[in-house]
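# Structural characterization, general
This is what each chain is made of:
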Amino acid sequence: LSNFGFPAGSSELCHFHSNALPTSIERDLILPTLSARVDIQSCISTDGKWYVYFENISLTEGGEIEFSTYIEYYTAPVYDLTQVDSLHLTGLILDDDDQHHTYKIYTDSSFYVHAYINEDNCDFTFEEARISIIEGGSGISSIRNTLEDDCSTCSEMVETCDFDNSNDCFFVEDTCNDIDFYYIVITNIASDYADYVIDVQSFKPSNAITSSINTGYSFVTSVHDIFVFDLSSISNSFFNVEITTGEAFVDVRIGNSLDCFVIEDVCEDDCNYEINGCDFDLDGLLYVAINTQGADSCINIPFYVTIEVTSVPVDDVISLSLNTPLPSLSSGLGRITSNGQWLRFEGNGVSYIMSDDIPDASCITNCDAVLENSGISGTNTYYFDATPGLTVTSFDVTQINAGSSQTFTFTEQDEVIVFAIPVQNSLGEYLFYVEDLEFSGVDFDTTDDIDIAYTFDNTITYGCSGFCGTFPTLSSSCYNSYSGVQVDSQCGDTEFIYVSLSLCDPITCDISFTVRVETSSEFESVTGTNHNAGFTSVSTYSPDGCTAAETSFTYFVDNVDGLFYASIRNVYGGSVSLSYSGSGCATIDSCTAQDTQYKDECSCSVSNDECISRSMCGNGPSVVSITADSDTTFEYQIITQFVDIASNSVSNTIYGETAHFYRITNANQAISVDVTVEYGPALDLSIIDGCQYGNRGYYESRMCFYGKCSFYIATESEHTRTSELYLSIESAKEQPFAAANQE
């Protein structure tokens, strides 16, 4: 069985002649017995035609082969928990051969799931089923079917559990990943039939029981209960949540919202949870969700639970003033607020945390002397260990542009001077020079005697154990200058690169010096196009037979917003290497094309290729580098834009190793996408619903060898309610000898 239609052949390119049995990946239909069954699982099936081949048939006289197919059409009812609070789903699966029912759930908040055998059958036939929950669309009707892909997993199950007449299944799914739809799959696994019930309850603020702090509540829990407490009613306090369950087990979830919980725990008997400013907003609402666990729906035993949230006052918080050390008897917590200025602290054994609320002392772990985010506009509050002598001071940052220089002065040992280099339309790589030092012979003989430590990053850092004891020192290049240091953006998308210098030696006289910044690479800024824009031709032949032609080219692509794909083709005369990287980062992908006798290696491509999104979900600017032999010609193309299509057809030709990318703009309806290969090599097709869900988003992918290959998104259960879909059509780079999706 195959989803593409070339005939069986004797070479490895048409691999229908393995001696493997039908249970292996690379199998053909050599029948090991008088009968055989081949299953195509739903997670690897593809839309469109399938082909069945019989070969080397040997039968006795009058013998015949009987062949039959069974196609199971799954329907998935769709339910919207944004419109209703709860669902009560029932079903009966009659067949025990892995038959299943599927439901699709839309939600904008966390939800509770309880799966159990119908109570009417508690005393009758044994039944057992499995519930699985799939987050997002990557596990339903969606799979890469080229066998060389590591991402070819059958599903993305976030929960799975078996239930029967005596054991129920309980789940709470939060929406921390911003996924707004889930699939619930019920499979009959060990009985003649499964008569099941699925209860789904949405966690909504309107269902929460408004409760008071410092007041105990006792109740008989239902399937689940939600309590909400207003923490802003009490100031300068931590809080403690105490839950008593007797000997029962209950699931406890605590957070400032019902979308994403901070604490998830199983509580038995007495449980206490501390609520402090490390992980919670102490000026907001606190939700406590309690859910029964391990219950037997047939016995229906009630659970008795008590809950109380108490306040724990925090009185020893000291307000710090800039440039004023704490007195010798200080203890507890120190607090200071910045309003856009850069701040650092001085003191031994000091650590801090940036927090809007009073934290617990155990959270205060940051020891870098420069306060995190202190120079960013806006207000930030910091809490310190109130160590005697702690001093918080402000400092300045000097902006210096590439191609410019400025003069500075060290006046004392351990002084730190900080520079900000704007990263503007560049590779994020610069050379930083310290030159023209003027110093006293009383202090030093040459620059070899002067230790100046340096560091650079996307943020300012002084280290945790002293600047000079943490970072390297500059190397002298001549009497009064140091060798240049290459600084870069550390693969980050940043507005500034911060460089810090510190004098590590004692001095009696000031030291003046010049700082100069230069770009470390030459480049050409280009704008990526769509695939219809055509290729750019390049020649490395000498223009006059005397002057050497340029053979290395670097392009800075500044309009990368998801899609990125670069390719070269029509290489004649020599070889051409192509690579790309992020701004200031190591090479991400590279390839080489060359002129050969049969022209079968004269094109190649690079991209931010991911298993699911393919080349359509990259981030930030990219740097493309091309190096060619002399006396060589080639073409290159850089794609960063989609071609929009709606209810219409387009025809095009893919020539060489490259790709075409389309944005389907009217996808908010039942839709089919047909790609027809008229002639030529295979095409690798992928369709996604965007980049917002990452690997949890909707996708389908398949190899199309010839004829029409289709994606059918005809039902609401397959659709993601998005208005746009994104289609990648890429020339297949290498097809393994085991053909794709072949059973």
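As a convention, each chain's residues are numbered from 1 in the sequence order in which they are written. Totals for whole chains, interfaces and linings use every residue, but because this is a predicted model, local features are given only for residues with pLDDT of at least 70 and side-chain atom pairs only at 80 or more, for both listing and counting. The side-chain values count all of the structure's non-hydrogen atoms but skip hydrogen atoms and water molecules.

Here the focus is the overall build of the protein. Secondary structure follows DSSP: runs of H or I at least 4 residues long count as helices, runs of E at least 2 residues long count as strands, and numbering of each begins at the N terminus. Within the protein, the regular secondary structure consists of zero helices and 48 strands. Exposure categories follow from relative accessible area, calculated using a 1.4 Å probe and restricted to protein chains: below 20% of the type maximum is buried, above 50% is exposed, and the middle band is partly exposed. Per-residue burial for the protein yields a buried fraction of 48% across its 743 residues.

Looking at the secondary structure, you find Thr391 in strand β22 (residues 391-395). Under the relative-accessibility criterion, Thr391 is labelled buried at 10%. Nitrogen and oxygen atoms within 3.5 Å of one another constitute a polar contact, given that in protein one can donate a hydrogen and the other can accept it, and given that sequence-neighbouring residues count only through two side-chain atoms. Separated by 3.1 Å, the side chain of Thr391 and the backbone oxygen of Gly389 make a polar contact. Excluding residues that lie within four positions of it along the chain, Thr391 makes contacts with Asn323, Thr324, Pro325, Arg344, Phe345 and Glu346. Whether two residues touch is decided by their heavy atoms; if any such pair falls within 4.5 Å, the residues are in contact.

For patches, a residue must show more than 30% relative accessible area and have no salt bridge; joins then use 9 Å for like charges and 5 Å for nonpolar side chains, namely Val, Leu, Ile, Met, Phe, Trp and Tyr. For every accessible area listed, the method is Shrake-Rupley and the probe measures 1.4 Å; residues are considered covered only by the protein chains on display. The salt bridge criterion pairs a side-chain nitrogen of Lys or Arg with a carboxyl oxygen of Asp or Glu, the two atoms within 4 Å. We score Asp and Glu as negative and Lys and Arg as positive, and we do not count His or the chain ends. Note that the charge is assigned to NZ on lysines, CZ on arginines, CG on aspartates and CD on glutamates. Taken together, the side chains of Glu242, Glu247, Glu268, Asp269 and Asp270 define an acidic patch exposed on the protein surface. At the level of secondary structure, the elements contributing two or more residues to the negative patch comprise β13 (237-255) and β14 (263-275). Ranked by residue count, the leading element in the negative patch is β14, at three residues. Within the secondary structure layout, Glu247 lies in strand β13.

So, on to the state of the cysteines. Defined by distance alone, a disulfide is two cysteine sulfur atoms within 2.5 Å. This model, assessed by the stated rule, comprises eight disulfides. Paired through a disulfide, Cys591 and Cys604 show a sulfur-sulfur distance of 2.1 Å. Torsion about the S-S bond of the Cys591 and Cys604 cystine: about 65°, corresponding to right-handed handedness. One end of the pair, Cys591, is in strand β38 (residues 587-594); the other, Cys604, is in strand β39 (residues 604-607), and 13 residues separate them in sequence. Grouping residues by exposure puts Cys591 and Cys604 together as buried. Just so you know, Cys602 is unpaired, no disulfide at all, and the nearest cysteine sulfur is the one on Cys604, 10.0 Å from it. Assessed through its relative accessible area of 10%, Cys602 is described here as buried.

By convention here, two paired aromatic rings are described through the distance between centres and the angle between planes. Stacked, edge-to-face and tilted labels apply to pairs of Phe, Tyr and Trp rings (six-membered ring for Trp) whose centres lie within 6.5 Å, assigned for plane angles under 30 degrees, over 60, and everything in between, in that order. One pass over the full model with this rule turns up 28 aromatic pairs. Taking 5.6 Å as the distance between ring centres and 70° as the angle between the ring planes, the aromatic pair formed by Trp342 and Tyr498 counts as edge-to-face. Of the two residues, Trp342 is situated in strand β19 (residues 342-346) and Tyr498 in strand β31 (residues 496-503); the sequence distance between them amounts to 156 residues. Aromatic side chains Phe564 and Tyr580 sit 4.4 Å apart centroid to centroid with 35° between the ring planes, which places their arrangement in the tilted category. On the criterion of sequence distance, the pair formed by Phe564 in the loop between β35 (552-557) and β36 (565-572) and Tyr580 in strand β37 (residues 575-582) is long-range, its members being 16 residues apart. Residues Phe564 and Tyr580 agree in their burial class; the two are buried. Aromatic rings pair up to connect Trp342, Phe395, Tyr462, Phe467, Phe471, Phe496 and Tyr498 into one cluster.

What follows covers the sheet that holds strand β40 (residues 622-628). Paired through their backbone hydrogen bonds, the strands of a sheet run either parallel or antiparallel. A pair of strands is treated as paired once DSSP finds two or more bridges between them. Ordered by their spatial adjacency, five strands build an open sheet running β33-β35-β40-β37-β38, and the pairing between neighbours is mixed. A single partner strand is all that each edge strand has here, and the edge strands are β33 (524-526) and β38. For this sheet, the mean inter-axis angle between neighbouring strands, taken without regard to orientation, is 20°. Strand direction decides the pairing type here: β37 and β38, joined by seven bridges, are antiparallel. The residue bridging Val576 from the neighbouring strand is Ala593, located in β38. Fitting a line to C-alpha atoms yields each axis, with helices limited to the stretch in contact; the angle taken between N-to-C directions then spans 0 to 180 degrees.

Next up on the list: the sheet that holds strand β4 (residues 111-117). If you trace the four strands from one edge of the open sheet to the other, you get β2-β9-β4-β7, paired in antiparallel fashion. Both outer strands of the open sheet, β2 (86-93) and β7 (169-173), are each paired with one neighbouring strand and no more. Going across the sheet, the axis of each strand differs from the next one's by a mean of 15°, ignoring polarity. Two elements, β4 and β7, share five bridges in a ladder whose sense is antiparallel.

For the rest of this paragraph, the subject is unusual backbone geometry. The backbone phi angle of Asp269 is positive, close to 70°, even though this residue is not glycine. You can call Asp269 partly exposed: its relative accessible area is 38%. Notably, Asp436 is not glycine yet its phi reads approximately 55°, a positive angle. Residue position: Asp436 is located in strand β26 (residues 429-438). For Asp436, a relative accessible area of 41% corresponds to the partly exposed category.

Moving on, we come to the pattern of salt bridges. Counting across every chain of the model gives 11 salt bridges. Between Arg516 and Glu518 there is a salt bridge, with its nearest N and O atoms 3.5 Å apart. By relative accessible area, which is 27% here, Glu518 ends up partly exposed. Ionic pairing is found between Glu716 and Arg721, a salt bridge with its closest N-O pair at 3.4 Å. Where salt bridges share partners, they join Asp80, Glu716 and Arg721 into one cluster.

On to the side chain of Glu415. Within the fold, Glu415 resides in the loop between β24 (404-410) and β25 (416-422). For the buried Glu415, which has no salt bridge, the nearest side chain bearing the opposite charge is Arg344, at an N-O separation of 8.7 Å. Discounting chain neighbours no more than four positions away, the residues touching Glu415 are Thr409, Phe410, Leu501, Ser502 and Leu503.

In this structure, Ile243, Ile254 and Ile275 are the most contacted members of the largest nonpolar core, which totals 33 residues. Examining the composition of this core, we find that seven residues originate from one element, β13, more than from any other. Non-local contacts of Ile254, meaning those with residues more than four positions away in its chain, are made with Val241, Phe261, Val262, Ile263, Tyr273, Ile275, Phe280, Leu286, Tyr287 and Val288. As used here, the term nonpolar core means buried Ala, Val, Leu, Ile, Met, Phe, Trp, Tyr and Cys residues forming a set that is joined through side-chain atoms within 4.5 Å. Ranked by size, the runner-up nonpolar core spans 30 residues in total, among them Phe111, Phe171, Tyr183 and Tyr196.

Now for the environment of Ser651. Residue placement: Ser651 occurs in the loop between β42 (643-645) and β43 (659-664). Expressed as a C-alpha distance, the spacing of Ser651 and Val675, which sit 24 residues apart in the sequence, is 9.6 Å.

A separate point is a nonpolar patch on the surface. Judged by side-chain polarity, Val52, Phe54, Ile57, Leu59, Ile65 and Phe67 come together as a nonpolar surface patch covering roughly 530 Å² of accessible area. Structurally, Phe67 is set in the segment before β1 (78-80). Since its relative accessible area comes to 45%, Phe67 is described here as partly exposed.

Our next topic: the environment of Ser575. Relative to the helices and strands, Ser575 is located in strand β37. In sequence terms Ser575 and Thr632 are 57 residues apart; their C-alpha atoms lie 7.4 Å from each other. For Ser575, the residues in contact, after removing those within four places along its chain, are Thr592, Ala593, Gln594, Thr627, Ala628, Asp629 and Thr632.

This part is about the confidence of the model for the protein. Looking at any residue, its pLDDT shows the predictor's confidence there, from 0 to 100. A residue-level look at the protein finds 83% of positions with pLDDT of 70 or above and a mean pLDDT of 81. Predicted confidence in the protein is weakest over strand β46 (residues 699-704), with a mean pLDDT of 78, and strongest over strand β41 (residues 633-639), with 96. Scored below 50 in pLDDT, residues 6-32 shows 50 contacts in the model against residues more than four places distant or in partner chains. Below a pLDDT of 50 lies the segment residues 139-155, which in the model reaches 51 contacts outside its immediate sequence neighbourhood of four places, other chains included.

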